[in-house]
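Structure at a glance
Listed here are the chains, written in short residue letters.
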Amino acid sequence: MNFVKRLISYLRKADQKKVRKPVSIKSIYSIADSQFMAEAIQLAGRGLYTATPNPCVGCVLVKNEKIVGRGWHVRAGDAHAEVNAIADAGDEAKGATAYISLEPCSFTGKTGACTNALQTAGIVRVVSAMEDPNPKVSGQGNALLRAAGLDVSNGLMAEQAAVLNRGFIKRMQKQLPFVSCKMAMSLDGRSAMASGESQWITAPPARQQVQQLRASSCAIVTGVGTVIHDDPSLNVREQNLGAPVERQPALVIVDSQLKTPLSAKVVSAEMLATRDVYIACVNTAPADRVQSLEARGVKVITFSEDGEDLSAVNLHALLSYLASHEMNHVMIEAGPTLAGQFVQQHLVDELKLFVAPKLMGGNAMPAFSMPFENMSEVMDLTITDTMAVGPDWLLTCHINNSDKNSD
Ligand SMILES: NC(=O)c1ccc[n+]([C@@H]2O[C@H](COP(=O)([O-])OP(=O)(O)OC[C@H]3O[C@@H](n4cnc5c(N)ncnc54)[C@H](OP(=O)(O)O)[C@@H]3O)[C@@H](O)[C@H]2O)c1
């Protein structure tokens, strides 16, 4: 799980940077508190590929400065991190402090409330990294425990804990998923030859990274242009991921007129047996195509606008739909037309640009088709991370003002 290791190292570095910052008020936390919380956040990372639609949560129980129990949330419906840590600690849980990467839940969902489990186990102190953004909790878990007489504090390493749950937080707060857009491109910014040929721009290590990004996404969104040109699978493969594949991300094809060939891999019986496949179209799409795709098990989502016909899929409405179906984090893996539209409409939170040391020339397709004319229209980015991936580079970029349309 190199991706998780890298995330943990990022969290550690971020924490060191934080510790070196001059602080004007005395921290209520000790160095040991930070170390135990860092361990809880690392444990949370183990649920990165499986916990969705729930958040990733880790918990350590500590008594006399020693860890007596560890737990993390593996998948929805299974025990929460706190309950797993209590089971791991056994009798040692009584009198312990719980370090939890997210405020404990205070309601009974698929499993019981963690606030009850913590009290029953005899936990005396609870330190959580951040409040649960879920409106069903949102401070009530901590308030309930405080009222029951436990020593409760919140906010230790909140920034680091939030990194793991960017999708869950955005879905809870804005009813939209966190959107990453991956693009493989040459050093001169090209994403495919004019003929449509694009395999392979980057080397195998970059393609392995893409597998990790897919595995941590709830859905992969692509365009009908890519389906027709490449006939891709856009799934997670064990041999490329380097870990067992427990969950395939859903696949969403943006295809206004349902031109996806019935012979395409993405709508094959094999593919539909392993994942949910959605096709987003508009209300003028041919009804017989809707029928034949639905007969195969494809979920056809039809968009229209106040009785008006749409010529293309409304991408903001599509993202809202995906959030309403509990998708926290989606990754766009499309050609320059659709990727360009997502970016131009300020719907992307993060770009993942895999840049290969190749020049594909001026006849090749751009990375993002955005028909800008003036410098005043260009998109302004901040590069937030750079990383060598074999012979290629991965640039992670934040699009400034990316949340312009996300309210
Ligand atoms: N380098 C990379 O990382 C990478 C990744 C993927 C693909 N590619 C390459 O990209 C090429 C295909 O690019 P492409 O631009 O033709 O395909 P695309 O971006 O995957 O799909 C574009 C199509 O999506 C449909 N669409 C529906 N609603 C839309 C909306 N609101 N905005 C934009 N598009 C919408 C449109 O077709 P309708 O009007 O018919 O609905 C549009 O033509 C292939 O050569 C492939 O190899 C490269």
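For the structure itself, look to the data block above.
Residues numbered from 1 in each chain as written. Predicted model: local features only at pLDDT ≥ 70, side-chain atom pairs only at ≥ 80, totals over all residues. Heavy atoms only, no water.

Observations regarding the packing of helix 3 (residues 81–89) against helix 4 (residues 114–121)
Closest axis-to-axis distance for the helix 3/helix 4 pair is 9 Å, and the angle between their directions is 20°. In terms of axis orientation, helix 3 runs roughly parallel to helix 4. Considering only the axes of helix 3 and helix 4, their crossing is left-handed. Contacts between helix 3 and helix 4 pair Glu-82, Val-83 and Ile-86 from the former with Cys-114, Ala-117, Leu-118 and Ala-121 from the latter. Per-class residue counts for the contact of helix 3 with helix 4 are 6 nonpolar, no polar and 1 charged. (Axes fitted to C-alpha atoms, helices over the stretch in contact; angles between N-to-C directions. Helix = DSSP H or I, 4+ residues; strand = E, 2+ residues; numbered from the N terminus. Parallel < 35°, antiparallel > 145°, perpendicular 65-115°, else oblique. Left-handed = near helix turned anticlockwise from the far one by under 90°. Contact = heavy atoms within 4.5 Å. Nonpolar A, V, L, I, M, F, W, Y, C, P; charged D, E, K, R; others polar.)

Considering the site of the ligand
Near the ligand you find 28 residues, and of these Gly-196, Ser-198, Thr-226, Ser-256 and Thr-337 are the closest. Between the ligand and the protein, one listed contact pairs an oxygen atom with a side-chain N or O atom of Lys-259 at 3.0 Å. Notes on the ligand: free accessible area 920 Å², of which the protein chains cover 86%. Of all elements in the fold, only strand 6 (178–186), strand 7 (190–192), helix 9 (224–230) and helix 14 (336–344) reach the threshold of two or more residues within the shell around the ligand. No other element matches helix 9, which puts 5 residues into the shell around the ligand. Each residue belonging to the shell around the ligand can be placed in one class, and the counts come to 13 nonpolar, 11 polar and 4 charged. (Near = heavy atom within 4 Å. Polar contact = N/O pair within 3.5 Å; in protein donor to acceptor, adjacent residues only side chain to side chain. Areas by Shrake-Rupley, 256 points an atom, 1.4 Å probe, with all protein chains shown as cover.)

A look at the packing of helix 4 against helix 5 (residues 140–147)
Put simply, helix 4 and helix 5 touch, their axes get as near as 10 Å, and they point 30° apart. In terms of orientation, helix 4 and helix 5 fall into the roughly parallel class. Seen from above, helix 4 lies across helix 5 with right-handed handedness. Seen from helix 4, the contacting residues are Thr-115, Leu-118 and Gln-119; seen from helix 5, they are Gly-141, Leu-144 and Leu-145.

Shape is all these values report; function is a separate question.
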